[in-house]
Amino acid sequence: MNLIIRLLLNALAVFILAHILTGVTVDGYLGAIIVAIVLAILNLLVKPILVILTLPATIITLGLFLLVINALIILLADKLIDGFGVSGFWTAILFSILLSILQSLFQSFLKDDKK
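Residues numbered from 1 in each chain as written. Predicted model: local features only at pLDDT ≥ 70, side-chain atom pairs only at ≥ 80, totals over all residues. Heavy atoms only, no water.

Q: Before we move on, can you summarise the packing of helix α1 (residues 2–20) against helix α2 (residues 28–45) with the specific residues and values?
A: Where α1 contacts α2, the two axes come as close as 8 Å, and the packing angle between them is 115 degrees. Relative to α2, α1 is oriented so that their crossing is right-handed. Residues Leu7, Leu8, Asn10, Ala11, Leu12, Val14 and Phe15 of α1 touch α2, and the partners they reach there are Gly28, Tyr29, Ala32, Ile33, Val35, Ala36, Ile37 and Ala40. Partitioning the contact of α1 with α2 into residue classes produces 13 nonpolar, two polar and no charged. (Axes fitted to C-alpha atoms, helices over the stretch in contact; angles between N-to-C directions. Helix = DSSP H or I, 4+ residues; strand = E, 2+ residues; numbered from the N terminus. Left-handed = near helix turned anticlockwise from the far one by under 90°. Contact = heavy atoms within 4.5 Å. Nonpolar A, V, L, I, M, F, W, Y, C, P; charged D, E, K, R; others polar.)

The structure is reproduced here in structure tokens:
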């Protein structure tokens, strides 16, 4: 049940950011749910491989290269999903940063409800 709530909150974050950022488009809330699911799967399967392969670059940049990896994951999701679009690399980085911030805020709200 917690996983479904987290996916719905991530979809809400994607939907909000698609309306705020001009370079990001998503086709409705169902499209945002699909984006959240695909991003979760890509973060589970592809991201660990990319992190291991780019470990030297991540160490040299003190972890900032992880932003590039997140942007690549979002651009990959853009290619996989027809109803989701990101206009460029820098938009993907900004989307990644803002999505992480919104996800953290939503997760903090969930933790407050459990107390």
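Q: Describe a nonpolar patch on the surface, naming the residues involved and giving the relevant values.
A: Nonpolar side chains collect at one region of the surface, where Met1, Ile4, Ile5, Leu8, Leu12, Ile16, Ile20 and Tyr29 lie side by side and expose about 720 Å² of accessible area between them. Here the nonpolar patch gets six residues from one element, more than from any other, and that element is α1. You can see Tyr29 is positioned in helix α2. (Patch = residues over 30% accessible without salt bridge, like charges linked within 9 Å, V, L, I, M, F, W, Y side chains within 5 Å. Areas by Shrake-Rupley, 256 points an atom, 1.4 Å probe, with all protein chains shown as cover. Salt bridge = Lys/Arg side-chain N within 4 Å of Asp/Glu carboxyl O.)

Q: How would you explain the layout of surface pockets if you had to name every residue and give the values?
A: Approximately 360 Å³ is the volume found for the largest pocket. In this structure, the largest pocket is lined by 18 residues; those nearest its centre are Asn10, Leu39, Asn43, Leu99 and Gln103. Broken down by secondary-structure element, the contributors of at least two residues to the lining of the largest pocket are α1, α2, α5 (65–80) and α6 (89–114). Residues of the lining of the largest pocket, tallied by class, amount to nine nonpolar, seven polar and two charged. (1 Å grid on protein atoms, 1.4 Å probe; cavity = no way out; pocket = protein on both sides within 12 Å on 5 of 7 lines; lining within 4 Å. Points joined across faces, edges and corners; volume = space filled by probe spheres on them.)

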